[in-house]
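Results of the structural survey
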Amino acid sequence: MPVQSPRPIELLAPAKDLATALEAIAHGADAIYIGAPQFGARSAAGVSVEDIGQLCLRAHRFGVKVYVALNTILYDHEIEPARQLAWQLYEAGADALIIQDMGLTLVSLPPIALHASTQCDTCSPEDAAQLEAMGFEQIVLARELNLEQIRQVAQRISTPIEVFVHGALCVSYSGRCYLSQALSERSANRGACAQLCRLPYHLVDARGVYVRRDAHLLSLKDLHRADLLVDLLDAGVSSLKIEGRLKGVSYVKNITSYYRQRIDEVIERFPDRYCRASYGRVQHRFVPDPSRSFNRGFTSYELRPKRAGHPSGQASLINPHSPKSQGQYLGLLVWSRGQRCRIDTSEILVAGDGLLYVAPSGEVGGVAINGVEANRDLILARPCTIPRGSKIYRNYDQAFERKLSGATAERRCPVRMRLEAIEAGFRLSVRSLELPKIEASSELIWAHEEAKSFDEGRLLSELAKLGDTDFFAQETELDLGGRHLFIPLSMLSSLRREAIETFTHRWDEYHRSKPSAKTVQMPSIDRRSLPAKRPDWRPDYRANVANRFAREHYELMGYKQVQEAYELSAQEAAELMCTKHCLRYEIGYCTRQGRTAMPFVEPLYLEMVSDGRRLRLEFDCAACQMKIYKD
């Protein structure tokens, strides 16, 4: 049997702008995803085509791919502007477009790869197989899938699979959240989510009995799957995605660096299975720590089967106390008086740090530190009575943020520099140590003469001086035929500069984005011959059909009744959310776990603390899902 080559593993980092994207590259990303100036699912994170073009030039220097999010649903009048924008992004050098709207697959797009957004609600092998048959070249799976479900998808398709490994979680299956549109007329499918899942709610039963009061019952903790990377790769995942297109540059630096190091550890353990998806050695100048950047507490989102710990069998998926950053756990409060307090912690705290406390009663508060006394007593920015025994977190780390504000990483590609004597003079060759087939050389016509004072070390040192280029001389070599030949250092410097310029040009040419034939063929494929999606799927409002091309796409597949998107035709009885998170499970009465009968009368309701509006809950225990409806 032929020996399989190691599979490239991609670390996919987010960027809200050009500056953040450049830092993500420097800190080890293999690919960047960034928003188009319009039609991205994070409307506040659009980036100009000009900036994306600059990003592509820099990214491709390291073989880093640039994926542009064009992943809202589109109205009829937006299809043509979106198509024109796709061409502009292709000409700017983008490697792929991330899309949700199937209408785009019927128009004349440039030969650029298409990736299926998480908004496509890809939950099964059948869903993925259909996307693969259409010509999508990377598929983002729903965050809700567990390892076995991911493995089943990977066994069905050969297209690279992308999954989220870190960052904020949407409580609803992506692409199936209509709560924001229903209550605020702001569509999540069009990049304008009102974040209603982060609000506080009361949980009330049918008799009006309050089960939980004033808690953030839909606010999920943040995803953290660094300890499960081996399992994910073994299941067939090739692209590991960090959420955060609205996050600041310090967050992206820290989290990208952390996962770069963790992925490299896995590649080092299994070099026959996996390899890097881009080039360049990264030197980090700080110790990355996810707990010291924005987080609401962490969850693996039940990637593995449930286990004991929570009353219902698993650690809670939500942070009911606050939707804001919880940060790094420090310890318990020992005492608090006025503007002073003491925490039982081994961490070093400084003025400017921010604290969040969760009292034993569930009360949540926050305060900044103004100073730290020698005996480790803290001086707070204001009088603050914090209950004894409160859990204390640092949600702003002054020293860490100051460190991250500077230069915290450098990325350069290793090369071999070789100077050899030839009949007419000297030849200096440059060869990549990551891609040995890329090589360049420069020659100097020079009459050989013996050096009066030969210093081999000096010559090797001069060969290695690559200055502020993106390359470093990991290997230097002299081959002068056993002679001590003289070469002026000024000539050697000029020879080195010419060789590096030629090498850089060849390197960049090799890494230019490649055209995709699959996207060009999409409009003409026989849609009736495509594999069917999962058996229970129908093109109702949850297919998010908002334009005539998307409608035609499903009609060509043989569907007779294609409903309009919820944004165009709101249905009063519509399912506004479908979630993996289950409040019945959360309060300890999961029927699948065989718990005692729930003493509360269904249906249960979520009641908004702010204005009393109610949402009705239904529990599909067979599918292990909770569904939310407008009451």
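Positions within a chain are numbered from 1, following the residues in the order the chain's sequence is written. For a predicted model such as this one, the threshold for reporting local features is a pLDDT of at least 70, and the threshold for listing and counting side-chain atom pairs is 80 or more; totals across whole chains, interfaces and linings nevertheless cover every residue. To get the side-chain values, all heavy atoms of the structure are used, and hydrogens and water are removed first.

Turning our eyes to something else, we now look at the overall build of the protein chain. Each helix is a run of H or I in the DSSP string that is no shorter than four residues. Each strand is a run of E no shorter than two, and both are numbered from the N terminus. Counting its secondary structure elements, the protein chain contains 14 helices and 28 strands. For the protein chain, whose C-alpha radius of gyration is 28 Å, the value lies close to the compact-globule estimate of 25 Å for 631 residues. Seen through its principal axes, the protein chain has C-alpha atoms that stretch 100 × 75 × 50 Å. Partly exposed describes any residue whose relative accessible area lies between the buried limit of under 20% and the exposed limit of over 50%, with all areas from a 1.4 Å probe on protein chains only and scaled to the type maximum. Across the 631 residues of the protein chain, 56% fall into the buried class. When the accessible surface of the protein chain is summed, it comes to about 27000 Å², and 48% of that surface belongs to carbon and sulfur atoms. Charge-centre separation for the protein chain: the mean point of 81 positive side chains lies 4 Å from the mean point of 78 negative side chains. In this setup the radius of gyration rests on C-alpha atoms only. A globule is expected at 2.2 Å times the number of residues raised to 0.38. For every accessible area listed, the method is Shrake-Rupley and the probe measures 1.4 Å; residues are considered covered only by the protein chains on display. Positive: Lys, Arg. Negative: Asp, Glu. His and the chain ends are not part of the count. Here the site of a charge means atom NZ of a Lys, CZ of an Arg, CG of an Asp or CD of a Glu.

So, about unusual backbone geometry. As a rule of thumb, non-glycine residues mostly have phi less than zero, and peptide bonds are mostly trans rather than cis. A cis amide bond links E602 to the next residue, P603, at an omega of 5 degrees. Along the polypeptide, P603 turns up in the loop between helix 14 (583-586) and strand 26 (605-608). The residue Q195 is not glycine, and still its phi comes out positive at about 60 degrees. Within the fold, Q195 resides in the loop between helix 6 (179-184) and strand 8 (201-204).

Ring pairs shown here join Phe, Tyr and Trp side chains whose ring centres sit within 6.5 Å, with only the six-membered ring taken for Trp; geometry is labelled stacked below 30 degrees between planes, edge-to-face above 60, and tilted in between. One pass over the structure, following the stated rule, counts 16 aromatic pairs. Aromatic rings pair up to connect Y279, F471, F503 and W507 into one cluster. The criterion for a charge sitting over a ring is simple: Lys NZ or Arg CZ within 6 Å of the ring centre, and within 35 degrees of the ring normal. Across from the ring centre of Y510, 5.6 Å away, lies the NZ or CZ of K514, which sits over that ring.

On to empty space enclosed by the protein. Put plainly, a pocket is an open set of points on a 1 Å grid over the protein atoms alone with protein on both sides within 12 Å along at least five of seven lines, a cavity is a set where a 1.4 Å probe fits but cannot get out, and a lining residue has an atom within 4 Å of a point. Grid points are joined across faces, edges and corners, and a volume is the space filled by probe spheres set on the points. Across all of its chains, the model carries five cavities of 30 Å³ or more by this definition. A volume near 250 Å³ is recorded for the largest cavity. Considering the residues around the largest cavity, the lining is formed by 20 residues, among which Q100, M102, C120, A543 and Y554 are closest to the centre. Listing elements by their share of the lining of the largest cavity, those giving two or more residues are helix 4 (125-134) and helix 13 (548-556).

Before going further, it helps to spend a moment on the sheet that holds strand 20 (residues 391-396). Reading around the circumference, 15-16-19-18-17-20 is the order of the six strands in this closed barrel, with antiparallel pairing throughout. Between one strand axis and the next, the sheet turns through 50 degrees on average, direction left out of account. In this sheet, strand 20 lies alongside strand 15 (residues 328-337) in antiparallel orientation, the contact comprising four bridges. Pairing of L332 across the sheet is with K391, part of strand 20. Whether two strands pair comes down to DSSP finding at least two bridges between them. Fitted lines through C-alpha atoms serve as axes, helices being fitted only where they are in contact, and the angles separating the N-to-C directions of these axes extend from 0 to 180 degrees.

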